[in-house]
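# Structural overview
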Amino acid sequence: MPEENRARVRWAALPSAPYVVLAQLFMAVEIISNITASKGVELFSGASFSIGPVQVLPVVTDGAFFLFPLSYVIGDVLSEVYGFKATRRVVWAGFAGLILAAVCFRAAIGLPAAWFYDRTEAFGQVLGATPQLLAAGLAGFVLGELVNSYVMVALKRRSGERKLWLRLSSSTLAGELVDTVVFCSIAAGAIGIATWGDFVNYTVFGFLWKSAVEFLVMPMTYQVIKLVKRLEPSYGPEA
């Protein structure tokens, strides 16, 4: 076949494999956390301890407490290696994914159940997040992750490749504080928290727990960042 008669075929350039994997994990963690957060959880229910008006034990939290901190670890890796703009794209993609999940859950709840399906009410209770809880998840997620990434990148511009520990620590505290306060303020009523003491417990525990997990896994975050930098052929200063 003559060269001029051949159809032109075009392909888009593939993004880097590490970036794609991190983005996928990030969005999966966000969607799973948004579902599991609909369950109110009480830890150490057999104990009772208070400091003044603030209840310390039992601990009141939600079902996402064990997974959600991972999203900030992934966000730190994305911010350190790819910069604020690339991380922001993943955050907005995650936001869109959460909206899509909520719409699909609502559509599935509204579909007529088969005669043999006897779990319609439970299905709706688990996946039918109230608008209040959905708004809490979306607002806390976007604001917290963007603050986390912004602080991480801003500090890197000052210190270069040095002081990674400072970037990770500062961005964690800033992002988790914003996320926790925003989310808990909106979501508390939706999961059944009705007293001021429970709200303070819920918010303080959420912030301390998420921050503590990130600090505990910081050595692992260091190693993941080193690995991604080594695997990423395009790694260099942000444009």
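Structure first, text after, so check above.
Below is a short write-up of the structure. (Residues numbered from 1 in each chain as written. Predicted model: local features only at pLDDT ≥ 70, side-chain atom pairs only at ≥ 80, totals over all residues. Heavy atoms only, no water.)

## A word on the packing of aromatic side chains
On inspection of all chains with the given rule, the structure shows 6 aromatic pairs. Centre to centre, the rings of Trp92 and Phe95 are 5.6 Å apart; their planes meet at 75 degrees, and the pair counts as edge-to-face. Taken together, the positions of Trp92 and Phe95, both in helix H2 (residues 69–110) and 3 residues apart, correspond to about one turn of that helix. (Phe/Tyr/Trp six-rings, centres within 6.5 Å; stacked < 30°, edge-to-face > 60°. Helix = DSSP H or I, 4+ residues; strand = E, 2+ residues; numbered from the N terminus.)

## Section: unusual backbone geometry
The phi dihedral of Phe44 falls on the positive side, at around 60 degrees, and the residue is not glycine. Relative to the helices and strands, Phe44 is located in the loop between strand S1 (40–43) and strand S2 (49–51).

## Regarding a nonpolar patch on the surface
On the surface, Phe49, Ile51 and Val56 cluster together into a nonpolar patch covering about 260 Å² of accessible area. Here Val56 lies in strand S3 (residues 54–57). When its relative accessible area of 30% is taken as the criterion, Val56 is described as partly exposed. (Patch = residues over 30% accessible without salt bridge, like charges linked within 9 Å, V, L, I, M, F, W, Y side chains within 5 Å. Areas by Shrake-Rupley, 256 points an atom, 1.4 Å probe, with all protein chains shown as cover. Salt bridge = Lys/Arg side-chain N within 4 Å of Asp/Glu carboxyl O. Buried < 20%, exposed > 50% of the residue type's maximum accessible area, 1.4 Å probe, protein only.)

## Section: the nonpolar core
Side chains of nonpolar character tend, in soluble globular proteins, to be buried together. Residues Leu22, Leu78 and Tyr82 are the most contacted members of the largest nonpolar core, which totals 29 residues. Among the elements of the structure, helix H1 (17–36), H2, helix H4 (131–159), helix H5 (164–187) and helix H7 (218–231) are those that each provide at least two residues to this core. When residues in this core are grouped by element, the largest group, 11 residues, is from H2. Among the nonpolar cores identified, the runner-up in size contains 12 residues, and Ala37, Leu133, Ala136 and Ile193 belong to it. (Core = buried A, V, L, I, M, F, W, Y, C linked by side-chain atoms within 4.5 Å.)

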